[in-house]
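So you can see what is in the structure, the chains are spelled out below.
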Amino acid sequence: MTQINRRNFIKLTSASAALVAVPSILKAEQSNAYEARVVVVGGGFAGATLAKYLCLWGDGKIQVTMVDKNPDHVSCVLSNLILNDRLQLDDITLPYTPLQDNYGVTVRQGLVTGVTGDEGEAKTVHLDNNDTIICDYVVLAPGIEFIDIPGLKEGNTNNFDIIPHAWIAGSQTELLRDQLHSMQPGDTFVMTVPQSPYRCPPGPYERACVVADYIARIHNGDGHVVVLDPHSEITIEKETFEQAFNGIYKDIVTYVPNATLTSVEINPDEKIAKTTAGDYAGKVLNVIPTHKAGKIAEDLGLLPGNARFAPVDSASYESTIRSEIFIIGDANDSGQPKSGHMANAQAKVTADALIRIIAGKASSEDFVHDPKRLEKIRTNSACYSPITYDEASWLNAVFAYETATNSMKLVQDSFASSNSPHWSNENFQDMFEWANSLFSNSFS
Amino acid sequence: MKYLITRLQTILLTGLFLIIYHSIGTARAIEIIDPGRVLAAQCAQCHGMEGNNDEGFEGLDGESFNEIYDELLEMFNSSKNDLMDHQAKGYITKDAEGNVDDAVLIALAEYFSGQAKTEDDDPAEEPSDSGDSEDAKDGDLGDEKDEEEDEDDDDD
């Protein structure tokens with residue numbers, strides 16, 4: 001009755017073979033297990049970018065949980081523009097909802113207090129509300145912490161409500177803005193530059209320019225800005241900032257090199273910065289203290305000796321002290337500039353490394369240190385600094401992986417800043433394009 | 001009757017094919033993609049994800065291999081003090097004899113022009129007229145996100 005010809009027979013046999021294969025596939029689909037679980041500690045440019053790209057590149061097979069103590073992120077990028085009312089805090093507040101809605105990142109609010117679990121075993125991330133999250137890999141993106149300064153910060157007590165740092169954007173930025181706005185003609189604004197390496201290399205000098213411009217416009221130039229720098233000279237975009245300090249702001253800005261802050265004093269109507277180059281009093285004192293890695297890096301023992309930042313393998317940003325824990329952004333000591341743009345770039349290298357580790361779990365091959373990958377690792381940092389009310393400068397650097405030293409090395413020819421002219425309105429407009437694009441690439 | 005059975009066979013086979021295809025499509029393992037992907041991602045801070053930008057500078061989406069290659073090489077050789085010209089100098093090197101090392105540039109241009117390949121012999125990458133392999137190769141990785149119904153897998 002039915003004739004199964006040879007062709008149909010072959011079709012049927014292959015179909016049966018396929019039928020045998022189907023149950024195992026279906027079983028896999030039902031197991032509801034991710035290939036790996038990653039907890040990201042900190043939701044700044046580094047953490048947000050890592051969480052996003054891990055979801056994206058992990059094709060939904062990596063469970064990504066990002067924990068931050070705040071409900072959203074206030075960008076340090078552009079935050080000096082709060083001081084002169086160019087922007088409001090809302091303009092630089094970046095919600096986490098797009099990371100959840102667009103990529104499937106689980107975002108939790110809380111402070112991470114510890115990570116337990118040995119290498120090769122599941123890890124437990126502990127939160128301050130006693131909750132725990134189980135995972136296989138931990139990526140720390142905790143940003144910075146400030147070192148102690150007598151009179152300003154000693155352990156857990158500080159006077160940042162009187163002497164703001166405004167170097168972690170948010171209410172501190174608004175406080176410094178309000179203090180600046182309460183200055184009267186003839187008043188002095190004293191600020192300190194942190195010891196290198198610090199977050200946003202041009203940032204302190206940029207701030208001096210923004211404040212000087214404010215005094216020039218609002219008080220007709222009747223006021224002073226004193227920049228106390230522990231370095232022997234301006235550390236970055238030297239020509240640009242020298243030209244600003246000695247040119248358009250020569251009657252307002254006093255730049256003091258070799259001035260290391262030793263303590264501060266708070267008096268009823270003035271604050272005093274005591275430095276190795278003398279004491280400087282001002283109506284407003286803005287101390288940007290020297291940084292170290294966010295507290296969790298120290299708590300986990302990832303800072304050897306007196307190191308301020310965590311040593312990492314530059315091919316992945318995995319801690320050289322504790323494996324399966326990665327440190328990206330400002331908290332590591334990879335020798336690259338501490339900036340939002342760079343944090344975003346490092347996050348992508350770590351996302352790629354984690355994909356390789358997870359995908360290669362079953363294999364003994366090292367996909368992370370594959371020479372074909374290493375020779376192509378690049379990170380970059382570009383940024384703009386407002387110099388006047390509507391003009392800005394730019395700065396650029398690209399870093400390439402160097403196998404001999406397992407470190408990221410500056411590509412010398414890529415390192416440059418604007419010089420013809422040093423600042424312009426075109427750059428000022430480009431600054432917003434750059435920032436909006438960076439915000440979007442990191443947070444949505 | 002014979003017609004009916006042949007038809008049934010066809011339906012059965014088509015159904016099986018769809019089940020298998022769907023399973024492979026959603027349950028494939030995490031892929032290691034050529035270093036071009038992470039390199040290209042380093043352009044996204046300014047040029048948007050996968051070069052598809054509506055926030056900032058020029059989008060790179062849809063540019064051909066030659067366009068990307070030639071533009072970056074021109075910027076590399078430029079002596080103008082322009083930010084992007086200096087960026088380009090981070091991706092190309094020239095030795096003392098003037099020989100250009102363009103391995104990184106090629107990886108970038110390949111990725112943006114949709115020619116990037118996965119490193120391993122992933123079945124999803126085999127020539128196929130299905131839309132699936134395009135996901136891994138084409139410029140819309142950025143927007144791609146499989147609406148996963150728990151498409152996890154422990155295959156292997």
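Keep in mind it's a predicted model, so treat the numbers as computed, not measured.

### So, the overall build of chain B
For chain B, the helix and strand inventory stands at seven helices and two strands. Moving toward the C terminus, one meets the helices and strands of chain B in the order α-α-α-α-α-β-β-α-α. Restricting the contact set of chain B to residue pairs at least 6 apart, pairs at least 24 apart contribute 56%. Accessible surface, chain B: about 8200 Å² in total, of which carbon and sulfur atoms supply 52%.

### Quick notes on the overall build of chain A
Along the backbone of chain A there are 11 helices and 27 strands. With respect to the three principal axes, the spread of C-alpha positions in chain A is 105 × 45 × 45 Å. Here chain A holds 444 residues, and 58% of them are scored as buried. Just so you have it, chain A exposes about 17400 Å², and 48% of that area is on carbon and sulfur atoms. The centroid of the 34 positive side-chain charges in chain A is displaced by 9 Å from the centroid of its 54 negative side-chain charges.

### What about the environment of Leu89 of chain A?
All names here are of chain A. Locating Leu89 in the fold gives a position in the loop between helix H3 (80-83) and strand E4 (93-95). The exposure class of Leu89 is buried, given its relative accessible area of 14%. Once the C-alpha coordinates of Leu89 and Gln109 are considered, the two residues, 20 residues apart in sequence, prove to be 20 Å apart. Leaving out residues up to four positions away in the same chain, Leu89 has contacts with Val74, Ile82, Gly170, Ser171 and Glu174.

### A closer look at the environment of Thr132 of chain A
In this fold, Thr132 of chain A is placed in strand E8 (residues 132-135). For Thr132 of chain A and Val115 of chain A, which are 17 residues apart along the polypeptide, the C-alpha to C-alpha distance reads 9.3 Å.

### Notes on the pattern of salt bridges
All names here are of chain A. If you walk through the whole model with that rule in mind, you get 18 salt bridges over all chains. A salt bridge links Arg37 to Asp136, with the nearest nitrogen and oxygen atoms 3.0 Å apart. Of this pair, Arg37 sits in strand E1 (residues 36-41) while Asp136 sits in the loop between E8 and strand E9 (137-140), placing them 99 residues apart in sequence. In this structure, Lys274 engages Glu265 in a salt bridge whose closest nitrogen and oxygen atoms are separated by 2.9 Å. Residues joined in a network through salt bridges with shared partners are Glu233, Lys238 and Glu242.

### Brief notes about the nonpolar core
Among the nonpolar cores identified, the biggest contains 146 residues, and Val225 and Trp434 of chain A are the most heavily contacted of them. Among the elements that line this core, the one with the most residues is helix H2 (residues 45-57) of chain A, at 10 residues. Formed by 20 residues, the second largest nonpolar core is a distinct cluster that contains Ala40, Leu72, Ala109 and Tyr111 of chain B.

### Focus on helix H7 (residues 238-248) of chain A
Residue and element names in this part refer to chain A. Of the residues making up H7, those classed as buried are Thr240, Phe241, Ala244 and Phe245. End-on view of H7: buried residues confined to an arc of 120°, all on one side of the axis. The exposed set on the far side of H7, more than 90 degrees from its buried face, consists of Glu239 and Asn246. Where the residues of H7 are buried, they touch helix H6 (203-218), strand E15 (253-256), strand E24 (378-386) and strand E25 (392-402).

### Section: the packing of aromatic side chains
Residues and elements named next belong to chain A. The final tally for this structure, using the stated rule, is 12 aromatic pairs over all chains. With a centroid separation of 6.0 Å and 35° between ring planes, the pair formed by Phe45 and Phe439 is classed as tilted. With Phe45 in helix H2 and Phe439 in helix H11 (residues 425-443), this residue pair connects regions lying 394 residues apart in the sequence. Residue Phe45 is classed as buried on the basis of its relative accessible area, which comes to 7%. Taking the centre distance of 5.3 Å and the plane angle of 80° together, the rings of Phe45 and Phe443 count as edge-to-face. Linking Phe45 in helix H2 with Phe443 in helix H11, this pair joins segments that are 398 residues apart in sequence. Ring pairing ties together the aromatic residues Phe45, Tyr96, Phe439 and Phe443, which thus form one cluster. In this structure, Arg86 is placed above the aromatic ring of Tyr389, and the distance from its NZ or CZ to the ring centre is 3.8 Å. Positioned above the aromatic ring of Phe309, the side-chain terminus of Lys338 is 3.8 Å from the ring centre.

### Observations regarding the packing of H6 of chain A against H7 of chain A
Residues and elements named next belong to chain A. H7 packs onto H6 with a crossing angle of 25° between their chain directions and a minimal axis gap of 11 Å. Classified by the angle between their axes, H6 and H7 sit roughly parallel to one another. In terms of crossing hand, the pair formed by H6 and H7 is left-handed. Of the residues in H7, those in contact with Tyr205, Glu206, Ala208 and Cys209 of H6 are Phe241, Ala244 and Phe245.

### Regarding the sheet that holds strand E19 (residues 284-287) of chain A
Residue and element names in this part refer to chain A. Spatially, E15-E14-E13-E19 is the arrangement adopted by the four strands of the open sheet, whose pairing is parallel. Edge positions in the open sheet fall to E15 and E19, since each of these has one partner strand only. On average, each strand axis in the sheet is inclined to that of its neighbour by 15°, with strand direction left out of account. Across five bridges, strand E13 (residues 188-192) lies against strand E14 (residues 224-228) in parallel orientation. Pairing of Thr192 across the sheet is with Leu228, part of E14.

### So, the pairing of strand E6 (residues 112-116) of chain A
Bridge count between E6 of chain A and strand E7 (residues 123-127) of chain A: four bridges; the pairing is antiparallel. Counted as the bridge partner of Val112 of chain A is Leu127 of chain A from E7 of chain A.

### Here we look at the confidence of the model for chain B
Low pLDDT marks stretches whose predicted atomic positions should not be read closely. Residue and element names in this part refer to chain B. Averaged over every residue, the pLDDT of chain B is 68; the share at 70 or more is 51%. Least confident of the elements in chain B is helix H7 (residues 132-137), whose mean pLDDT is 36; most confident is helix H5 (residues 83-88), at 96. In the predicted structure, residues 18-27 sits below a pLDDT of 50 and forms 17 contacts with residues beyond four places in sequence or in another chain. Confidence over residues 117-156 falls short of pLDDT 50; this stretch has 82 contacts with residues more than four positions distant or in other chains. For this predicted complex, the interface score ipTM comes out at 0.87, alongside a pTM of 0.84.

### So, the state of the cysteines
All names here are of chain A. Scanning all chains against the criterion turns up zero disulfides over all chains. Between Cys76, a free cysteine, and Cys200, which holds the nearest cysteine sulfur, the sulfur-to-sulfur gap is 8.2 Å. Under the relative-accessibility criterion, Cys76 is labelled partly exposed at 26%. Its sulfur unpaired, Cys200 is 6.0 Å from the next cysteine sulfur, which belongs to Cys383.

Parameters and conventions
Residues numbered from 1 in each chain as written. Chains lettered and ligands numbered in written order. Predicted model: local features only at pLDDT ≥ 70, side-chain atom pairs only at ≥ 80, totals over all residues. Heavy atoms only, no water. Helix = DSSP H or I, 4+ residues; strand = E, 2+ residues; numbered from the N terminus. Contact = heavy atoms within 4.5 Å. Areas by Shrake-Rupley, 256 points an atom, 1.4 Å probe, with all protein chains shown as cover. Buried < 20%, exposed > 50% of the residue type's maximum accessible area, 1.4 Å probe, protein only. Lys, Arg positive; Asp, Glu negative; His and termini not counted. Charge placed at Lys NZ, Arg CZ, Asp CG, Glu CD. Salt bridge = Lys/Arg side-chain N within 4 Å of Asp/Glu carboxyl O. Core = buried A, V, L, I, M, F, W, Y, C linked by side-chain atoms within 4.5 Å. Arc of directions from axis to C-beta. Phe/Tyr/Trp six-rings, centres within 6.5 Å; stacked < 30°, edge-to-face > 60°. Lys NZ or Arg CZ within 6 Å of the ring centre and 35° of its normal. Axes fitted to C-alpha atoms, helices over the stretch in contact; angles between N-to-C directions. Parallel < 35°, antiparallel > 145°, perpendicular 65-115°, else oblique. Left-handed = near helix turned anticlockwise from the far one by under 90°. Pairing = 2+ DSSP bridges. pLDDT = per-residue confidence, 0-100. Disulfide = S-S within 2.5 Å.

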